[in-house]
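Structural overview for review
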Amino acid sequence: MSYSIFVRDLAQMDGRSPQLLAYDIHDRSAAAALVSLIATSYRDHGFNPATRVHWFRADGNVHEIYTWPHA
């Protein structure tokens, strides 16, 4: 199994697909570490433990960043 990293702008949830940032990451923990590193590189960031999704604020909008498995 491999993993991809996606980001989506919550202000533009009008049917747009999330943006693919990385793919074919073969280790779940490596993908999760990358997501965390990207999110924490922004001054305003956080983690929602209920959804296990990181978020960050850029250009005044909140973005979610997360991993997604591929078979």
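What this report covers is the structure whose coordinates are included nearby. Just so we're clear, the structure is a prediction, and the values are computed from it rather than from any experiment.

1. Focus: the packing of aromatic side chains
By the definition in use, this model includes three aromatic pairs. Look at Tyr 42 and Phe 56: their rings are 4.2 Å apart centre to centre, the planes differ by 15°, and that puts the pair in the stacked class. Residue Tyr 42 is located in the loop between helix H1 (28–40) and strand S3 (45–48), and its partner Phe 56 is located in strand S4 (residues 53–58); the two are separated by 14 residues in the primary sequence. The exposure class assigned to Tyr 42 is partly exposed, which follows from its relative accessible area of 31%. Residue classification places Phe 56 among the buried positions, given a relative accessible area of 5%. Between Tyr 66 and Trp 68, the ring centres sit 6.4 Å apart and the planes meet at 80°, which makes this aromatic pair edge-to-face. Three or more aromatic residues joined by ring pairs form one cluster here, namely Phe 6, Tyr 66 and Trp 68.

2. A word on the side chain of Ser 4
Inspection of the secondary structure puts Ser 4 in strand S1 (residues 2–9). Looking at Ser 4, the relative accessible area reads 3%, which means it is buried. A distance of 2.9 Å separates polar atoms of two side chains, one belonging to Ser 4 and the other to His 70. If we ignore the near neighbours within four places in the chain, the residues touching Ser 4 are Leu 20, Ala 22, Tyr 23, Asp 24, Tyr 66, Thr 67, Trp 68 and His 70.

3. Notes on the environment of Pro 69
Tracing the backbone shows Pro 69 in strand S5 (residues 61–70). Taking the C-alpha atoms as reference points, Pro 69 and Asp 24, 45 residues apart in sequence, are found 9.3 Å from one another. Ignoring anything within four residues of it in the chain, the contact list for Pro 69 reads Met 1, Ser 2 and Tyr 3.

Cut-offs applied
Residues numbered from 1 in each chain as written. Predicted model: local features only at pLDDT ≥ 70, side-chain atom pairs only at ≥ 80, totals over all residues. Heavy atoms only, no water. Phe/Tyr/Trp six-rings, centres within 6.5 Å; stacked < 30°, edge-to-face > 60°. Helix = DSSP H or I, 4+ residues; strand = E, 2+ residues; numbered from the N terminus. Buried < 20%, exposed > 50% of the residue type's maximum accessible area, 1.4 Å probe, protein only. Polar contact = N/O pair within 3.5 Å; in protein donor to acceptor, adjacent residues only side chain to side chain. Contact = heavy atoms within 4.5 Å.

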